[in-house]
Amino acid sequence: MTARSYRPATLAVHAGQTRSQHGETAEALFLTSGFVYDSAAQAEATFLGTEQHYQYSRFGNPTVAMFEERLAALEGAEACRATATGMAAVASAMLAHLKAGDRVVASRALFGSCHWIVSTLLPKFGIETEFVDGSDLSAWRSALSRPAHAVLLETPSNPCLEIVDLRAVCDLAHAAGATVMVDNVFATPLLQRPLAFGADVVLYSATKHIDGQGRCLGGAVLSSKAWIEGTLQAFLRNTGPAISPFNAWVMLKGLETLSLRVAAMCRSAAQIADFLAGQPGITRVLYPGRADHPQHALAMSQMSAGGTIVSFELAGGKAAAFRLIDSLRLIRISNNLGDAKSIITHPATTTHLKIGAEERARLGISDGLVRLSVGLEDPADLEEDLAQALASAAVARAAE
Ligand SMILES: *Cc1c(COP(=O)(O)O)cnc(C)c1O
(Lines give C-alpha, C1' and ligand atoms only; values in the text may rest on other atoms or scores of the structure.)
Protein backbone atom coordinates (compact mmCIF):
# COMPACT_ATOMS: atom_id res chain seq x y z
CA MET A 1 0.00 0.00 0.00
CA THR A 2 1.50 3.32 -1.04
CA ALA A 3 1.15 6.43 1.11
CA ARG A 4 -1.09 7.97 -1.56
CA SER A 5 -3.81 5.38 -0.90
CA TYR A 6 -4.41 6.61 2.66
CA ARG A 7 -7.05 9.22 3.37
CA PRO A 8 -6.08 12.86 4.02
CA ALA A 9 -6.30 12.78 7.83
CA THR A 10 -3.94 9.79 7.89
CA LEU A 11 -1.52 11.29 5.38
CA ALA A 12 -1.42 14.50 7.43
CA VAL A 13 -0.08 12.51 10.39
CA HIS A 14 2.24 10.04 8.68
CA ALA A 15 3.20 10.94 5.11
CA GLY A 16 6.80 11.77 4.37
CA GLN A 17 8.26 10.81 7.72
CA THR A 18 11.76 9.42 7.69
CA ARG A 19 13.45 8.25 10.88
CA SER A 20 17.07 8.56 11.95
CA GLN A 21 19.06 5.64 13.35
CA HIS A 22 17.45 6.41 16.75
CA GLY A 23 13.96 5.50 15.61
CA GLU A 24 12.29 8.57 17.10
CA THR A 25 8.46 8.63 17.09
CA ALA A 26 8.09 12.30 16.24
CA GLU A 27 9.79 13.99 13.31
CA ALA A 28 13.38 14.92 14.11
CA LEU A 29 14.42 18.54 13.92
CA PHE A 30 17.63 18.78 11.89
CA LEU A 31 18.61 22.31 12.85
CA THR A 32 21.78 22.30 10.80
CA SER A 33 22.97 24.46 7.94
CA GLY A 34 25.49 21.97 6.55
CA PHE A 35 26.14 18.23 6.26
CA VAL A 36 29.34 16.22 6.68
CA TYR A 37 30.75 13.93 3.99
CA ASP A 38 32.70 10.74 4.68
CA SER A 39 35.32 11.66 2.09
CA ALA A 40 36.30 14.23 -0.51
CA ALA A 41 35.13 11.74 -3.12
CA GLN A 42 31.66 11.58 -1.53
CA ALA A 43 31.48 15.38 -1.56
CA GLU A 44 32.44 15.36 -5.25
CA ALA A 45 29.88 12.64 -6.05
CA THR A 46 27.20 14.62 -4.22
CA PHE A 47 27.93 17.76 -6.23
CA LEU A 48 28.07 15.73 -9.44
CA GLY A 49 24.65 14.33 -8.52
CA THR A 50 25.79 10.72 -8.74
CA GLU A 51 25.22 10.25 -5.00
CA GLN A 52 22.23 11.37 -2.91
CA HIS A 53 23.47 13.28 0.13
CA TYR A 54 22.29 16.51 1.76
CA GLN A 55 24.63 19.39 0.89
CA TYR A 56 23.40 22.59 2.48
CA SER A 57 20.07 23.60 4.01
CA ARG A 58 19.49 26.26 1.36
CA PHE A 59 19.23 23.34 -1.10
CA GLY A 60 17.53 20.80 1.11
CA ASN A 61 17.18 19.60 4.70
CA PRO A 62 15.73 16.36 6.11
CA THR A 63 13.12 18.10 8.31
CA VAL A 64 12.10 20.38 5.45
CA ALA A 65 11.91 17.35 3.15
CA MET A 66 9.47 15.61 5.52
CA PHE A 67 7.23 18.68 5.44
CA GLU A 68 7.43 18.85 1.64
CA GLU A 69 6.60 15.18 1.19
CA ARG A 70 3.71 15.29 3.63
CA LEU A 71 2.18 18.31 1.93
CA ALA A 72 2.69 16.77 -1.52
CA ALA A 73 0.89 13.61 -0.39
CA LEU A 74 -2.02 15.65 1.01
CA GLU A 75 -2.30 17.72 -2.15
CA GLY A 76 -1.90 14.78 -4.50
CA ALA A 77 1.06 16.56 -6.12
CA GLU A 78 4.20 14.89 -7.49
CA ALA A 79 6.52 17.36 -5.81
CA CYS A 80 6.65 20.20 -3.30
CA ARG A 81 9.20 22.80 -2.26
CA ALA A 82 8.78 24.69 0.99
CA THR A 83 9.70 28.37 1.26
CA ALA A 84 10.26 30.88 4.04
CA THR A 85 6.86 32.57 3.56
CA GLY A 86 3.80 32.34 1.38
CA MET A 87 5.01 35.36 -0.57
CA ALA A 88 8.38 33.68 -1.19
CA ALA A 89 6.38 30.81 -2.72
CA VAL A 90 4.32 33.08 -4.98
CA ALA A 91 7.25 35.30 -6.02
CA SER A 92 9.55 32.34 -6.68
CA ALA A 93 6.96 30.47 -8.74
CA MET A 94 6.26 33.52 -10.90
CA LEU A 95 9.87 34.67 -11.31
CA ALA A 96 11.17 31.16 -12.00
CA HIS A 97 8.50 30.58 -14.64
CA LEU A 98 8.42 33.92 -16.47
CA LYS A 99 10.76 36.00 -18.61
CA ALA A 100 10.70 39.36 -20.36
CA GLY A 101 8.07 39.47 -23.08
CA ASP A 102 5.77 36.97 -21.38
CA ARG A 103 2.17 37.72 -20.52
CA VAL A 104 0.30 37.04 -17.27
CA VAL A 105 -3.44 37.09 -16.65
CA ALA A 106 -4.55 37.25 -13.01
CA SER A 107 -7.76 37.53 -11.07
CA ARG A 108 -8.04 41.00 -9.57
CA ALA A 109 -9.12 39.74 -6.14
CA LEU A 110 -5.68 38.63 -4.98
CA PHE A 111 -3.94 38.83 -1.61
CA GLY A 112 -2.39 42.34 -1.40
CA SER A 113 1.24 41.31 -1.97
CA CYS A 114 0.28 38.94 -4.82
CA HIS A 115 -1.53 41.89 -6.42
CA TRP A 116 1.67 43.97 -6.06
CA ILE A 117 3.78 41.26 -7.73
CA VAL A 118 1.45 41.22 -10.74
CA SER A 119 0.72 44.96 -10.95
CA THR A 120 4.13 46.37 -10.04
CA LEU A 121 6.99 43.86 -9.91
CA LEU A 122 6.49 41.79 -13.06
CA PRO A 123 5.98 44.79 -15.41
CA LYS A 124 9.38 46.12 -14.24
CA PHE A 125 10.95 43.08 -15.90
CA GLY A 126 9.08 43.52 -19.18
CA ILE A 127 6.26 41.12 -18.37
CA GLU A 128 2.83 42.19 -19.55
CA THR A 129 0.10 41.70 -16.96
CA GLU A 130 -3.67 41.95 -17.09
CA PHE A 131 -6.23 41.69 -14.29
CA VAL A 132 -9.69 40.28 -14.80
CA ASP A 133 -12.75 39.91 -12.58
CA GLY A 134 -12.13 36.33 -11.44
CA SER A 135 -15.80 35.45 -11.13
CA ASP A 136 -16.56 36.54 -14.72
CA LEU A 137 -15.84 33.73 -17.19
CA SER A 138 -16.35 36.01 -20.18
CA ALA A 139 -13.56 38.28 -18.86
CA TRP A 140 -11.22 35.28 -18.59
CA ARG A 141 -12.26 34.15 -22.07
CA SER A 142 -11.46 37.51 -23.61
CA ALA A 143 -8.14 37.95 -21.74
CA LEU A 144 -7.11 34.42 -22.69
CA SER A 145 -8.07 34.78 -26.34
CA ARG A 146 -4.44 35.93 -26.74
CA PRO A 147 -1.47 33.73 -25.78
CA ALA A 148 -0.38 33.89 -22.12
CA HIS A 149 2.37 32.23 -20.10
CA ALA A 150 0.84 32.18 -16.64
CA VAL A 151 -2.47 32.61 -14.90
CA LEU A 152 -2.51 33.48 -11.19
CA LEU A 153 -5.73 33.24 -9.22
CA GLU A 154 -7.02 32.88 -5.71
CA THR A 155 -10.26 31.06 -4.81
CA PRO A 156 -12.01 31.73 -2.50
CA SER A 157 -10.57 35.23 -2.66
CA ASN A 158 -9.59 37.53 0.15
CA PRO A 159 -11.63 39.19 1.60
CA CYS A 160 -14.85 38.95 -0.46
CA LEU A 161 -14.74 35.15 -0.84
CA GLU A 162 -15.36 35.19 -4.56
CA ILE A 163 -15.06 31.87 -6.33
CA VAL A 164 -13.14 31.28 -9.55
CA ASP A 165 -14.37 28.40 -11.71
CA LEU A 166 -11.20 26.32 -11.59
CA ARG A 167 -12.00 23.84 -14.35
CA ALA A 168 -13.29 26.44 -16.83
CA VAL A 169 -10.38 28.85 -16.24
CA CYS A 170 -7.78 26.05 -16.43
CA ASP A 171 -9.24 24.95 -19.79
CA LEU A 172 -9.17 28.51 -21.18
CA ALA A 173 -5.66 29.08 -19.80
CA HIS A 174 -4.27 25.87 -21.24
CA ALA A 175 -5.72 26.70 -24.66
CA ALA A 176 -3.84 30.01 -24.41
CA GLY A 177 -0.61 28.21 -23.49
CA ALA A 178 -0.60 29.36 -19.85
CA THR A 179 0.52 27.56 -16.71
CA VAL A 180 -2.17 27.95 -14.04
CA MET A 181 -1.02 28.88 -10.53
CA VAL A 182 -3.60 28.78 -7.74
CA ASP A 183 -3.18 30.46 -4.36
CA ASN A 184 -5.12 27.89 -2.30
CA VAL A 185 -4.59 29.43 1.14
CA PHE A 186 -8.25 30.06 1.99
CA ALA A 187 -9.37 26.56 0.98
CA THR A 188 -6.45 24.51 2.40
CA PRO A 189 -5.51 21.18 0.79
CA LEU A 190 -8.38 19.55 2.69
CA LEU A 191 -11.25 21.54 1.19
CA GLN A 192 -10.03 22.02 -2.38
CA ARG A 193 -7.43 20.35 -4.57
CA PRO A 194 -6.84 22.62 -7.57
CA LEU A 195 -4.67 20.04 -9.39
CA ALA A 196 -7.75 17.83 -9.76
CA PHE A 197 -9.45 20.65 -11.73
CA GLY A 198 -6.49 21.11 -14.06
CA ALA A 199 -4.28 23.61 -12.20
CA ASP A 200 -0.53 23.22 -12.73
CA VAL A 201 0.92 24.85 -9.63
CA VAL A 202 -0.58 25.23 -6.14
CA LEU A 203 0.74 27.87 -3.75
CA TYR A 204 0.40 28.08 0.02
CA SER A 205 1.11 30.41 2.82
CA ALA A 206 1.72 27.75 5.50
CA THR A 207 1.62 30.64 7.96
CA LYS A 208 -2.16 30.37 7.94
CA HIS A 209 -4.07 27.11 8.50
CA ILE A 210 -1.08 24.77 8.15
CA ASP A 211 0.71 26.17 11.19
CA GLY A 212 -2.71 27.10 12.44
CA GLN A 213 -1.55 28.48 15.75
CA GLY A 214 -0.05 31.75 14.57
CA ARG A 215 3.56 30.92 15.37
CA CYS A 216 5.72 30.61 12.25
CA LEU A 217 5.91 31.91 8.70
CA GLY A 218 6.19 29.44 5.86
CA GLY A 219 5.10 28.72 2.32
CA ALA A 220 5.00 25.99 -0.29
CA VAL A 221 4.88 25.44 -4.04
CA LEU A 222 3.43 22.18 -5.37
CA SER A 223 3.43 20.92 -8.93
CA SER A 224 4.64 18.17 -11.24
CA LYS A 225 8.10 16.76 -10.64
CA ALA A 226 9.12 18.06 -14.07
CA TRP A 227 8.12 21.69 -13.29
CA ILE A 228 9.52 21.68 -9.76
CA GLU A 229 12.86 20.19 -10.79
CA GLY A 230 13.10 21.76 -14.23
CA THR A 231 11.80 25.28 -13.56
CA LEU A 232 11.61 26.08 -9.85
CA GLN A 233 14.49 24.24 -8.23
CA ALA A 234 17.43 26.21 -9.66
CA PHE A 235 15.67 29.48 -8.80
CA LEU A 236 15.15 28.43 -5.17
CA ARG A 237 18.66 27.06 -4.73
CA ASN A 238 20.35 30.13 -6.13
CA THR A 239 18.15 32.88 -4.69
CA GLY A 240 17.64 31.35 -1.24
CA PRO A 241 14.05 31.75 0.02
CA ALA A 242 14.51 28.54 2.06
CA ILE A 243 12.30 27.80 5.06
CA SER A 244 14.04 27.36 8.39
CA PRO A 245 14.14 23.68 9.49
CA PHE A 246 12.61 24.82 12.77
CA ASN A 247 9.64 26.39 11.00
CA ALA A 248 9.23 23.29 8.81
CA TRP A 249 9.16 21.20 11.99
CA VAL A 250 6.43 23.43 13.44
CA MET A 251 4.50 23.07 10.15
CA LEU A 252 4.78 19.27 10.39
CA LYS A 253 3.15 19.46 13.84
CA GLY A 254 0.50 21.72 12.34
CA LEU A 255 -0.29 19.27 9.55
CA GLU A 256 -0.97 16.50 12.07
CA THR A 257 -4.04 18.36 13.35
CA LEU A 258 -5.00 20.21 10.15
CA SER A 259 -8.00 18.04 9.33
CA LEU A 260 -9.46 18.32 12.84
CA ARG A 261 -8.91 22.04 13.01
CA VAL A 262 -10.23 22.88 9.55
CA ALA A 263 -13.33 20.73 10.08
CA ALA A 264 -14.10 22.41 13.42
CA MET A 265 -13.42 25.89 12.07
CA CYS A 266 -15.66 25.28 9.02
CA ARG A 267 -18.51 24.10 11.27
CA SER A 268 -18.19 27.16 13.49
CA ALA A 269 -17.84 29.51 10.49
CA ALA A 270 -21.04 28.16 8.95
CA GLN A 271 -22.88 28.59 12.26
CA ILE A 272 -21.57 32.14 12.72
CA ALA A 273 -22.40 33.10 9.12
CA ASP A 274 -26.01 32.00 9.75
CA PHE A 275 -26.10 33.90 13.02
CA LEU A 276 -24.75 37.10 11.42
CA ALA A 277 -27.20 36.89 8.51
CA GLY A 278 -30.08 37.36 10.95
CA GLN A 279 -28.67 40.43 12.70
CA PRO A 280 -29.93 44.01 12.22
CA GLY A 281 -27.32 46.43 10.89
CA ILE A 282 -25.63 43.73 8.80
CA THR A 283 -26.38 44.23 5.12
CA ARG A 284 -24.46 41.35 3.59
CA VAL A 285 -22.88 38.11 4.79
CA LEU A 286 -20.35 36.53 2.44
CA TYR A 287 -19.79 32.85 3.06
CA PRO A 288 -19.38 30.31 0.22
CA GLY A 289 -21.15 27.64 2.27
CA ARG A 290 -24.40 29.64 2.49
CA ALA A 291 -27.06 29.21 -0.18
CA ASP A 292 -27.26 33.02 -0.59
CA HIS A 293 -23.62 33.27 -1.72
CA PRO A 294 -23.88 34.29 -5.40
CA GLN A 295 -21.59 31.41 -6.42
CA HIS A 296 -22.69 28.85 -3.83
CA ALA A 297 -23.26 26.03 -6.34
CA LEU A 298 -19.85 26.55 -7.96
CA ALA A 299 -18.17 26.77 -4.55
CA MET A 300 -19.71 23.47 -3.46
CA SER A 301 -18.71 21.80 -6.74
CA GLN A 302 -15.02 22.45 -6.09
CA MET A 303 -14.79 22.74 -2.28
CA SER A 304 -15.90 20.18 0.29
CA ALA A 305 -17.01 22.86 2.81
CA GLY A 306 -17.54 26.62 2.97
CA GLY A 307 -14.22 27.47 4.57
CA THR A 308 -13.06 29.08 7.79
CA ILE A 309 -13.50 32.76 6.88
CA VAL A 310 -16.71 34.81 6.99
CA SER A 311 -16.88 38.35 5.67
CA PHE A 312 -19.77 40.68 6.37
CA GLU A 313 -20.82 44.23 5.76
CA LEU A 314 -22.20 46.70 8.27
CA ALA A 315 -24.76 49.31 7.27
CA GLY A 316 -22.90 52.22 8.86
CA GLY A 317 -19.63 52.03 6.89
CA LYS A 318 -16.23 52.49 8.52
CA ALA A 319 -17.60 54.02 11.75
CA ALA A 320 -19.94 51.07 12.31
CA ALA A 321 -17.21 48.57 11.46
CA PHE A 322 -14.79 50.18 13.90
CA ARG A 323 -17.46 50.36 16.63
CA LEU A 324 -18.19 46.66 16.24
CA ILE A 325 -14.53 45.63 16.11
CA ASP A 326 -13.65 47.74 19.15
CA SER A 327 -16.56 46.26 21.13
CA LEU A 328 -15.38 42.66 20.77
CA ARG A 329 -13.86 41.09 23.87
CA LEU A 330 -12.91 37.58 22.77
CA ILE A 331 -12.30 37.97 19.04
CA ARG A 332 -9.00 39.81 18.57
CA ILE A 333 -8.04 42.48 16.05
CA SER A 334 -5.28 41.18 13.78
CA ASN A 335 -4.70 40.81 10.05
CA ASN A 336 -3.60 37.17 10.21
CA LEU A 337 -6.03 34.32 9.53
CA GLY A 338 -6.37 30.56 9.85
CA ASP A 339 -5.34 30.77 13.51
CA ALA A 340 -6.76 28.80 16.46
CA LYS A 341 -7.72 32.23 17.84
CA SER A 342 -10.58 34.00 16.09
CA ILE A 343 -9.37 37.16 14.40
CA ILE A 344 -11.19 40.11 12.90
CA THR A 345 -9.87 42.68 10.47
CA HIS A 346 -11.16 45.72 8.59
CA PRO A 347 -9.69 45.17 5.09
CA ALA A 348 -10.23 48.71 3.76
CA THR A 349 -7.92 50.22 6.39
CA THR A 350 -5.43 47.36 6.74
CA THR A 351 -4.79 44.53 4.26
CA HIS A 352 -6.33 46.43 1.33
CA LEU A 353 -5.38 49.99 2.33
CA LYS A 354 -2.52 50.30 -0.17
CA ILE A 355 -4.45 49.25 -3.26
CA GLY A 356 -6.47 52.49 -3.09
CA ALA A 357 -10.17 53.37 -2.98
CA GLU A 358 -10.79 52.86 -6.69
CA GLU A 359 -9.45 49.30 -6.74
CA ARG A 360 -11.27 48.53 -3.46
CA ALA A 361 -14.53 49.69 -5.04
CA ARG A 362 -13.87 47.45 -8.03
CA LEU A 363 -13.29 44.51 -5.67
CA GLY A 364 -16.40 45.20 -3.60
CA ILE A 365 -14.36 46.00 -0.47
CA SER A 366 -16.59 48.63 1.08
CA ASP A 367 -15.77 50.64 4.20
CA GLY A 368 -18.35 48.62 6.13
CA LEU A 369 -16.79 45.25 5.29
CA VAL A 370 -15.09 43.17 7.98
CA ARG A 371 -13.36 39.80 7.65
CA LEU A 372 -13.63 37.25 10.42
CA SER A 373 -11.27 34.30 10.60
CA VAL A 374 -13.08 31.76 12.75
CA GLY A 375 -10.88 29.93 15.24
CA LEU A 376 -11.19 26.96 17.55
CA GLU A 377 -13.10 28.56 20.42
CA ASP A 378 -16.55 27.21 21.31
CA PRO A 379 -18.74 28.78 18.60
CA ALA A 380 -21.33 29.72 21.24
CA ASP A 381 -18.74 31.99 22.89
CA LEU A 382 -17.92 33.57 19.52
CA GLU A 383 -21.61 34.14 18.82
CA GLU A 384 -22.11 35.73 22.25
CA ASP A 385 -19.11 37.99 21.70
CA LEU A 386 -20.45 39.11 18.31
CA ALA A 387 -23.94 39.61 19.78
CA GLN A 388 -22.72 41.78 22.65
CA ALA A 389 -20.48 43.77 20.29
CA LEU A 390 -23.32 44.35 17.80
CA ALA A 391 -25.54 45.48 20.66
CA SER A 392 -23.02 47.87 22.18
CA ALA A 393 -22.08 49.21 18.74
CA ALA A 394 -25.77 49.97 18.16
CA VAL A 395 -25.97 51.78 21.52
CA ALA A 396 -22.85 53.79 20.65
CA ARG A 397 -24.35 54.73 17.27
CA ALA A 398 -27.60 55.87 18.92
CA ALA A 399 -25.65 58.02 21.38
CA GLU A 400 -23.73 59.85 18.62
C1 LIG B 1 -1.09 35.26 3.90
C2 LIG B 1 -1.35 35.02 2.46
C3 LIG B 1 -0.30 35.05 1.53
C4 LIG B 1 1.12 35.39 1.91
O5 LIG B 1 1.66 34.52 2.83
P6 LIG B 1 2.82 34.93 3.90
O7 LIG B 1 3.12 33.66 4.58
O8 LIG B 1 2.23 36.00 4.77
O9 LIG B 1 3.96 35.46 3.09
C10 LIG B 1 -0.62 34.81 0.21
N11 LIG B 1 -1.88 34.55 -0.18
C12 LIG B 1 -2.91 34.51 0.70
C13 LIG B 1 -4.28 34.23 0.21
C14 LIG B 1 -2.67 34.75 2.05
O15 LIG B 1 -3.70 34.72 2.91
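Residues numbered from 1 in each chain as written. Predicted model: local features only at pLDDT ≥ 70, side-chain atom pairs only at ≥ 80, totals over all residues. Heavy atoms only, no water.

## Examining the site of the ligand
Item 1. Taken together, Thr 85, Gly 86, Met 87, Phe 111, Glu 154, Asp 183, Val 185, Phe 186, Ser 205, Thr 207, Lys 208 and Gly 218 form the complete shell of residues around the ligand.
Item 2. Ser 205 is positioned such that a nitrogen or oxygen atom in its side chain is 2.8 Å from an oxygen atom of the ligand.
Item 3. Split by residue class, the shell around the ligand holds four nonpolar, five polar and three charged. (Near = heavy atom within 4 Å. Polar contact = N/O pair within 3.5 Å; in protein donor to acceptor, adjacent residues only side chain to side chain. Nonpolar A, V, L, I, M, F, W, Y, C, P; charged D, E, K, R; others polar.)

## Describing the side chain of Arg 81
Item 1. Structurally, the position occupied by Arg 81 is in strand S1 (residues 79-83).
Item 2. Within the buried set, Arg 81 has no salt-bridge partner at all; the shortest N-O distance to an opposite charge, 4.4 Å, is to Glu 229.
Item 3. A polar atom in the side chain of Arg 81 sits 2.5 Å from the side chain of Gln 233.
Item 4. Ignoring sequence-local partners within four residues, the contact set of Arg 81 consists of Glu 68, Gly 219, Ala 220, Val 221, Ile 228, Glu 229, Leu 232, Gln 233 and Leu 236. (Helix = DSSP H or I, 4+ residues; strand = E, 2+ residues; numbered from the N terminus. Buried < 20%, exposed > 50% of the residue type's maximum accessible area, 1.4 Å probe, protein only. Lys, Arg positive; Asp, Glu negative; His and termini not counted. Salt bridge = Lys/Arg side-chain N within 4 Å of Asp/Glu carboxyl O. Contact = heavy atoms within 4.5 Å.)

## A look at the pairing of S1
Item 1. S1 sits mainly inside the fold: five of its five residues count as buried.
Item 2. Here S1 shows a buried face lined by Ala 79, Arg 81 and Thr 83 and a second buried face lined by Cys 80 and Ala 82.
Item 3. Inspection of the sheet shows S1 paired to strand S7 (residues 219-223) by five bridges, in the antiparallel sense. From the neighbouring strand, Ala 79 faces S7, where its bridge partner is Ser 223. (Pairing = 2+ DSSP bridges.)

## Focus: the packing of helix H10 (residues 245-277) against helix H14 (residues 379-399)
Angle between the axes and distance between the axes: these two values describe a pair of packed helices.
Item 1. For the pair H10 and H14, interaxial distance at closest approach is 10 Å and the crossing angle is 25 degrees. By the angle between their directions, the pair H10 and H14 is classed as roughly parallel. The two elements H10 and H14 meet at a crossing, and its hand is right-handed. Taking contact as the criterion, the partners of Ser 268, Gln 271, Ile 272, Phe 275 and Leu 276 in H10 are, on H14, Pro 379, Ala 380, Leu 382, Glu 383, Leu 386, Ala 387 and Leu 390. (Axes fitted to C-alpha atoms, helices over the stretch in contact; angles between N-to-C directions. Parallel < 35°, antiparallel > 145°, perpendicular 65-115°, else oblique. Left-handed = near helix turned anticlockwise from the far one by under 90°.)

Purely spatial values, then, with no claim about function.
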